[in-house]
Amino acid sequence: MKKLLCIAHRGASGHEPENTLSAIEKAQVLGADWIEVDVYAVERELLVIHDLKLERTTNGKGIVTEQPLSYLRSLDAGKGQRIPFLWEVIDLVDKRMGINVELKDEKTGGGAVVSLIDEFVGRCGWSYEQFIVSSFHHDQLVKIRRLRPEIPIGVLVDKSISDTRLGEDLGAYSVHFRLKGVNRALVCDAHRRGLKVFVFTVNNLKDIKRMSVMEVDGVFTDYPDRVVSFQKDIAFP
Ligand code: G3P
Ligand code: MG
């Protein structure tokens, strides 16, 4: 049985407020291999937050991309944490885990993400392979690919085989399936096309085992500790 890569979804979001620096740090402490964070562009800065609306995860109100940066940065994103800049997340991780940056909307600014990754590769000893840029907005991925082909891209898949074909056409590194929609045929199809398969969001042991048996390459989880202990206790005793 091959190792299932453990990707902490929005950081260790089952333990700490999602997409905050404390969730990122917790993911590392729990032994995650990678983290996944969600990103929007506001006033030419990249901010880490999942929803377009502020209400669910912060004490603020309104649409993220319509608020001044100063207001967004003043908010509590849980346990006193602020909405982080993407550069703060990369700085905190400091090459201890890989980082999957999910571009949340069609205006997230692939160019800004590329520049930021370039900067960390050029100045701080990161390599492009320590990043994956993913999105449901596939046109954004095309843009990234054109700008910097060295950056691995991940195609977020809502449906099926047509998306895996797109992944192959784009020269993507990986396809990311929803737990509900994934099956062995899709995994085989993606592997045949040379794509890695990552599945979200996999939180209970039964599903972790199922994904491992299905030979997916990695899972996004809110509880990295569960995937890590599965590897230790069951797959690789
Ligand atoms: O990237 C995997 C997963 O995070 C995509 O869905 O809604 O949790 O961002 P969502
Ligand atoms: Mg996400």
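The rules behind these values
Residues numbered from 1 in each chain as written. Chains lettered and ligands numbered in written order. Predicted model: local features only at pLDDT ≥ 70, side-chain atom pairs only at ≥ 80, totals over all residues. Heavy atoms only, no water. Donors = N, O, S within 2.8 Å, 3.2 Å for Na, K, Ca; no water. Helix = DSSP H or I, 4+ residues; strand = E, 2+ residues; numbered from the N terminus. Buried < 20%, exposed > 50% of the residue type's maximum accessible area, 1.4 Å probe, protein only. Axes fitted to C-alpha atoms, helices over the stretch in contact; angles between N-to-C directions. Parallel < 35°, antiparallel > 145°, perpendicular 65-115°, else oblique. Left-handed = near helix turned anticlockwise from the far one by under 90°. Contact = heavy atoms within 4.5 Å. Near = heavy atom within 4 Å. Polar contact = N/O pair within 3.5 Å; in protein donor to acceptor, adjacent residues only side chain to side chain. Areas by Shrake-Rupley, 256 points an atom, 1.4 Å probe, with all protein chains shown as cover. Nonpolar A, V, L, I, M, F, W, Y, C, P; charged D, E, K, R; others polar. Arc of directions from axis to C-beta. Phe/Tyr/Trp six-rings, centres within 6.5 Å; stacked < 30°, edge-to-face > 60°. Lys NZ or Arg CZ within 6 Å of the ring centre and 35° of its normal. Core = buried A, V, L, I, M, F, W, Y, C linked by side-chain atoms within 4.5 Å.

Enquirer: Would you mind going over the coordination of the magnesium ion (ligand 2) with me for this structure?
Expert: Metal coordination angles have textbook ideals: 109.5 degrees for a tetrahedral set of four donors and 90 or 180 degrees for an octahedral set of six. Surrounding the magnesium ion (ligand 2) are the protein donor atoms E36 (OE), D38 (OD) and E102 (OE), at 2.0 to 2.1 Å. Considered as a linear motif, the donors of the magnesium ion (ligand 2) on their single chain read E-x1-D-x63-E. Taken together, the positions of E36 in strand β2 (residues 34-42) and E102 in strand β4 (residues 98-103) put the pair 66 residues apart, joining distant regions of the chain. Comparing E36 with E102, the two get one shared label, buried.

Enquirer: Can you help me understand the packing of helix α4 (residues 110-124) against helix α5 (residues 138-147) in this one?
Expert: How two helices pack is summed up by the angle between their axes together with the distance between the axes. Put simply, α4 and α5 touch, their axes get as near as 9 Å, and they point 40° apart. Considering the angle they form, α4 stands oblique to α5. In the crossing of α4 with α5, the sense of the turn from one axis to the other is right-handed. Taken together, the residues of α5 that come into contact with α4 (itself represented by G110, G111 and V114) are Q140, I144 and L147.

Enquirer: Mind showing me how you'd approach the site of ligand 1 here?
Expert: Residues in contact with ligand 1, as listed here, are H9, R10, E36, D38, H50, E102, K104, L156 and F200. Separating an oxygen atom of ligand 1 from a side-chain N or O atom of D38 is a distance of 3.1 Å. The protein chains hide 91% of the 290 Å² of surface that ligand 1 would expose on its own. Along the lines of polarity and charge, the residues of the shell around ligand 1 split into 2 nonpolar, 2 polar and 5 charged.

Enquirer: Honestly, the environment of P68 in this entry has me stumped. Any pointers?
Expert: Topologically, P68 is positioned in the loop between β3 (45-48) and α2 (69-74). The sequence separation of P68 and V182 amounts to 114 residues, and the corresponding C-alpha distance is 39 Å.

Enquirer: I tried to follow α5 on my own but got confused; where do I start?
Expert: At 3.6 residues per turn, the α-helix brings residues three or four places apart onto the same side. Restricting attention to buried positions, one finds in α5 the residues H138, Q140, L141 and I144. With its buried residues spanning 145° around the axis, α5 presents them on a single face.

Enquirer: Please explain unusual backbone geometry as it appears in this structure.
Expert: Most peptide bonds adopt trans geometry, and most residues besides glycine take a negative phi value. Put simply, F200 and T201 share a cis peptide bond, and its omega is -15°. Looking at the element boundaries, T201 is found in the loop between β8 (196-200) and α8 (205-213).

Enquirer: I would appreciate a short explanation of the packing of aromatic side chains in the present structure.
Expert: Overall, the coordinates contain 6 aromatic pairs when judged by the stated rule. Seen in terms of ring centroids, Y173 and F198 are 6.5 Å apart; in terms of plane orientation they differ by 45°. Their pairing is tilted. Of the two residues, Y173 sits in the loop between α6 (161-170) and β7 (174-178) while F198 sits in strand β8, which places them 25 residues apart along the sequence. Given a relative accessible area of 2%, F198 falls into the buried group. A ring pair is formed by F200 and F220, whose centres lie 6.2 Å apart and whose planes are at 85°; its orientation type is edge-to-face. Highlighted residues: F200 in strand β8 and F220 in strand β9 (residues 218-221), separated in sequence by 20 residues. For the pair shown, F200 and F220 are each scored as buried. Clustering of aromatic rings is evident, with ring pairs tying together F136, Y173, F198, F200 and F220. The ring of Y223 has R226 lying over it, and the distance from NZ or CZ to the ring centre is 3.7 Å.

Enquirer: I would appreciate a short explanation of α8 in the present structure.
Expert: Listed as buried for α8 are D207, I208, M211 and S212. Along the axis of α8, the buried residues cluster in a sector spanning 140°; they form a single face. Across α8 from its buried face, at more than 90 degrees, point the exposed residues K206 and V213. Downstream of α8 by a residue or two, E215 has a phi angle that is positive, lying close to 65°.

Enquirer: Which parts of the structure should I look at to understand the nonpolar core?
Expert: Soluble globular proteins tend to bury their nonpolar side chains together. By size, the foremost hydrophobic cluster in this structure holds 57 residues, and its most contacted members are I35, V37, L86, I99, V199, M211 and V216. Per-element tally for this core: the top contributor is α4, with 5 residues. Not counting the four nearest positions on each side in its chain, V199 is found in contact with F177, R178, L179, V182, M211, V216, G218, V219 and F220. Formed by 12 residues, the second largest nonpolar core is a distinct cluster that contains L47, I49, L54 and L72.

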